[in-house]
Amino acid sequence: MSTFTKHLSLADLQSSSNPTSGSGTGGETPVLRAIADARAKDYAGICCPLTTDAWRTRWRGMCLLPAEDGHDKVEIERRAEAWRAAPAFERDEVTMTRLDEAEGVVAVVSEWLELDASDDWVRHDSETALLQELAYASYLNVASAILPPPKHRSQIASYARAVNTALHAVPYMELSVRIPIYDPVMLHASSSTGSAISAATMSSPSVLFSDEPSVATWEMWDAIRTVCEYNPRLTLTLDLTPPMPSVISVLSQWSAEPVRHIFLPASTFIANAKGYPVLPKVTQGFVRDIMKLRPNVVLSGTSAGRHKSGGEVVYSQYVRHIEKTSPAYKASKTQGTVENFAQGYQDYLQAPLQPLMDNLQSVTYQTFEQDPVKYRQYEEAIYTAITEWPNKTDNMVLCVAGAGRGPLVERCMKALQRANREGLLYAVEKNPNAYVTLQQRVRDDWGESVKLFFGDMRTLELPEKVDILVSELLGSFGDNELSPECLDGAMRFLKQDGISIPASYTAHIAPLSSSKLFNETRSTKDVKAAETPYVVMFQAINILSGNGGGLSGNCGPKVQECWEFEHPRKDAVLNAQGLPPTNSHNARSAQLSFHIPHAGILHGLAGYFEAVLYRNIGLSIHPDRMQYISKNMLSWFPLLFPFKEPLYLPGSSELHVSIWRLTNQRQVWYEWYAEAFLPVPGSTSIRAKAEAADAENTRPSRSDSRDGGLSLVRSDSREGWLSVRSTPVLSPSPMADAVDIPPIEIDSKAVVEGDAAKNSIGLIKIGQTSLHNPKGRSSWVGL
Ligand SMILES: C[S@@+](CC[C@H](N)C(=O)[O-])C[C@H]1O[C@@H](n2cnc3c(N)ncnc32)[C@H](O)[C@@H]1O
């Protein structure tokens, strides 16, 4: 659950300096009394200014010069120089002096400091004061300090540079930049903001550069954290004071950021019919969603009696209620959900398993076996295949290739029983340790009906051909644990008309933003770590792509298919042993175009898989389809392909991603790369011309006949199909047709309009990443 902190102004602190006033309950100082009072009301602590008005008065007196020259001015400058040489506070300039006071406090640095003033001296002296305040807070062991918000877009680099200096000046403290969530005004004249300026210079008007008001404040944050090189001690205090936009989706970029505090004033609440404070709908939705990041909620003005019913405590009670009704919270409390099963694994990077090269531990198998959905789906698929098997009289022969500790063997037996069929089962396993468990199970449970074979399915021989070959060698990206290569070898076991379960699987990607995951992948400064795909249960992420063709009309949906593997292979070239002479046929590539509706930073690619087990029975971790195909399946988290350097993508841009599955005789690895383009109406870029020429000469590629060809995009009606030349998009699948999956909402208007406008839309290249993991130098899977 999130924590709650009570915000106190200087006036509030002053009122608790009198122990008899208000509800102060003991404590020797105003701050201690305020903390005790807040804790009695279920807050974790308080958030209050670090400095007093006396400090502000002295600073202004020293640092903001009078317009006229004179004796005063010389004296002021002399005092200012003395302070600059040795910055120090007087006792009455700070709100606290003791370690026990600071322990329960989130300190607010003087809000009037102007680290982004256009006047050089004001900026300089604000930075000196900032460092002085932080040094004092650090002396008192304050754990988290909130910095004043940047106000002037044109000076954001100066603001960011000062914050970076501060991060290096205080070694342990977390610095949290206060940023308004949303700025409905695009253009600001700073002269109207009442900024502090020296008499020497007037501030020039500052402009928020983004043409999207929804992302203007996020862009300021992005500039700050980029200058600060994603310092993990730099966090965000999202200020929910400004009015929200009417559409919440434009705020999704915040969920990929390190939101440490949410500043929520009583003025943001409205009164319900009974006079109790409640949040407006859009704010409610935003708070519900952002609570998954477990921020500290700073409530302010709650004791001012702004709402007539309920009193002070109802504000935090209400926000707690909102948190408890969030889908993420509810799922985490519901038995059988991934969120409940995998608590503590959110955003935690795991190296994918290498079940071919390594031998799994018994506890790893035990964890797999806790997934009821995967095994239920397998049993259904096996059962359906058995019932549809044409020869109804003979005993059937089934083989489990990669049997582990035997759960799929068990499910094969159940399926035979349910179908009322006699059958023989072969179980193949190359892990010598799991093979002992299998022997034990033959002795205790299965008896003669199961025959064990110890060895590698790619080289081992079975006494006879089988009707159904069952395997589960799938990774989060489908083929990343080398299921294609292993099953190439095991297909020798299958009769000519035999069935493989799974029958096929596809890999899917979507571009994502996540400063947390970006930081994690670079934490060791080792290039290998930044070029390795990881298994991650995503939480603090934002998928940057949207459904829709984009301005060029060439983009696919939010999550796009890269490639497919089928078993048995239709066009296999095999040697005398029934094995493929090389692994070249398992190489794949995809070039995909994504529409990026709102500005964001690309940090990686999210990887998912979907498998057809048999007919319409499958497994899926595709975010939009999993709940229809294999809801609450626990076995797989998505894969993350990280990018070493962040790539800024403006709103309405296009991202072209290239990804390859490559192989030699010993290894399989992925390489990935991305380019950003800005569609520009009325221009034809060199790339657009080259692509047009390519389109003329398009041949289907060997790895995927849909590349560069015609593919089908489902429109928003189930019957409606739009034919668009594009990268592989929503491919019709047996499961998608049989299971009632709501169609992905392709914005057909955008596609059609985009198509019409295509000839006059040029793509101007604005950035690219480096090629990741060339020749598998950092990560590969051993054959
Ligand atoms: C992901 S586990 C699945 C285990 C079990 N079937 C289940 O679903 O719980 C894959 C199993 O296949 C085995 N395996 C992987 N490659 C193999 C190969 N080439 N030959 C035989 N067994 C293999 C691994 O040792 C592991 O036990």
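Being a predicted model, the structure only gives us computed values, none of them experimental.

### Concerning the sheet that holds strand 15 (residues 494-501)
Part 1: Spatially, 13-12-11-14-15 is the arrangement adopted by the five strands of the open sheet, whose pairing is parallel. The sheet is open, and its two borders are formed by strand 13 (450-454) and strand 15, each paired with just one other strand. Geometrically, the sheet is characterised by an average inter-axis angle of 20° between neighbouring strands, direction not taken into account.
Part 2: Bridging between strand 11 (residues 396-401) and strand 12 (residues 423-429) involves six bridges; their strand directions are parallel. Bridged to V397 within strand 12 is L424.
Part 3: Contacts from helix 15 (residues 407-419) reach strand 11, strand 12, strand 13 and strand 14 (466-471) within the one sheet, and its direction differs from that of strand 12 by about 170°.

### What about the site of the ligand?
Part 1: Taken together, 22 residues lie near the ligand, and G402, G404, K430, N431 and M457 sit nearest.
Part 2: When residues of the shell around the ligand are traced back to their parent elements, those giving at least two are helix 13 (362-369), helix 15 and strand 12.
Part 3: The dominant element in the shell around the ligand, judged by the number of residues it contributes, is helix 13, at three residues.
Part 4: When grouped by side-chain class, the residues that make up the shell around the ligand number 13 nonpolar, three polar and six charged.

### Considering the UniProt feature "binding site: S-adenosyl-L-methionine" (unreviewed entry) in the protein
Part 1: Under the feature "binding site: S-adenosyl-L-methionine" (unreviewed entry), the UniProt entry names Y365, K374, Y375, E429, D456 and M457. In summary, the annotated positions, distributed over 93 residues, remain apart in three dimensions as well, the widest C-alpha pair reaching 23.8 Å.
Part 2: One can find Y365 in helix 13.
Part 3: Leave out the neighbours within four places in its chain, and Y365 touches L360, G404, R405 and A434.
Part 4: Taking the number of C-beta atoms within 10 Å as the measure of exposure, Y375 has 20 and is therefore buried.
Part 5: Contacts of Y375, omitting those with residues within four sequence positions, involve P407 and R411.

### Description of the environment of Q370
Part 1: Checked against the element boundaries, Q370 lands in the loop between helix 13 and helix 14 (372-388).
Part 2: Measuring from C-alpha to C-alpha, the distance between Q370 and H261 comes to 36 Å, with 109 residues separating the pair along the chain.

### Comments concerning the nonpolar core
Part 1: V163, I382, C412 and V470 are the most contacted members of the largest nonpolar core, which totals 186 residues.
Part 2: In terms of residue count, strand 21 (residues 600-614) provides more of this core than any other element does, ten residues in total.
Part 3: Once you skip the residues sitting within four places of it in the chain, V163 turns out to touch L147, L175, V177, I224, C228 and L234.

### What about the domain arrangement of the protein?
Part 1: Split by domain assignment, the protein resolves into domain 1 (3-270 + 295-300), domain 2 (362-472) and domain 3 (506-695 + 704-782).
Part 2: On the side of domain 3, eleven residues touch domain 2, which itself brings eleven residues to the contact.
Part 3: A per-class count over the side of domain 2 that touches domain 3 returns five nonpolar, three polar and three charged.

### Notes on the sheet that holds strand 10 (residues 296-300)
Part 1: Spatially, 1-2-3-4-5-6-7-10 is the arrangement adopted by the eight strands of the closed barrel, whose pairing is parallel. Mean inter-strand twist for the sheet, computed between neighbouring axes without regard to direction, equals 25°.
Part 2: Of the pairings in the sheet, the one linking strand 1 (residues 3-7) to strand 2 (residues 45-49) comprises three bridges and is parallel in character. In the sheet register, K6 faces strand 2, and the bridge partner there is I46.
Part 3: Across the sheet, helix 2 (residues 30-40) touches strand 1, strand 2 and strand 3 (105-108), and the angle it forms with strand 2 is around 140°.

### Section: helix 6 (residues 120-139)
Part 1: Spanning 20 residues, helix 6 covers 29 Å between terminal C-alpha atoms, matching the ideal 28 Å at 1.5 Å per step.
Part 2: Along helix 6, the residues classified as buried are V122, R123, D125, S126, E127, A129, L130, Q132, E133, L134, Y136 and A137.
Part 3: Buried positions along helix 6 lie against helix 3 (53-63), strand 3, strand 4 (144-147) and helix 7 (156-169).

### Here's the deal with the packing of helix 6 against helix 7
Part 1: The N-to-C vectors of helix 6 and helix 7 enclose an angle of 25°; their axes lie 10 Å apart at closest approach. Taken as axis vectors, helix 6 and helix 7 run roughly parallel relative to one another. Handedness of the crossing formed by helix 6 with helix 7: right-handed. Only S158, A162, T165, A166 and A169 of helix 7 make contact with helix 6, whose side of the interface consists of R123, E127, L130, L131, L134 and A135.
Part 2: Of the residues contributing to the contact of helix 6 with helix 7, the split by class is seven nonpolar, two polar and two charged.

### Some words on helix 15
Part 1: The end-to-end C-alpha distance of helix 15, which contains 13 residues, comes to 18 Å, matching closely the 18 Å that a straight helix rising 1.5 Å per residue would cover.
Part 2: Every buried residue of helix 15 is listed here: L408, V409, E410, R411, C412, M413, A415 and L416.

### Details of the pairing of strand 1
Part 1: Within strand 1, four of the five residues are buried, leaving the element largely enclosed by the surrounding structure.
Part 2: The pairing of strand 1 with strand 10 spans five bridges and is parallel. Residue F4 lies in a different strand from strand 10, and its bridge partner there is V297.

### A word on the environment of K495
Part 1: As for its position among the elements, K495 is in strand 15.
Part 2: Sequence separation of K495 and L469 is 26 residues, and the distance between their C-alpha atoms is 9.5 Å.
Part 3: Look past the residues within four positions of K495 in its chain and what remains in contact with it is K465, V466 and D467.

Procedures and definitions
Residues numbered from 1 in each chain as written. Predicted model: local features only at pLDDT ≥ 70, side-chain atom pairs only at ≥ 80, totals over all residues. Pairing = 2+ DSSP bridges. Helix = DSSP H or I, 4+ residues; strand = E, 2+ residues; numbered from the N terminus. Axes fitted to C-alpha atoms, helices over the stretch in contact; angles between N-to-C directions. Contact = placed C-beta atoms within 7 Å. Near = placed C-beta within 6 Å. Nonpolar A, V, L, I, M, F, W, Y, C, P; charged D, E, K, R; others polar. UniProt positions renumbered as here; feature names shortened; annotations may be inferred. Buried ≥ 20, exposed ≤ 12 C-beta atoms within 10 Å, placed from the backbone. Core = buried A, V, L, I, M, F, W, Y, C linked by C-beta atoms within 7 Å. Domains from an automatic or database assignment. Expected span 1.5 Å × (residues − 1). Parallel < 35°, antiparallel > 145°, perpendicular 65-115°, else oblique. Left-handed = near helix turned anticlockwise from the far one by under 90°.

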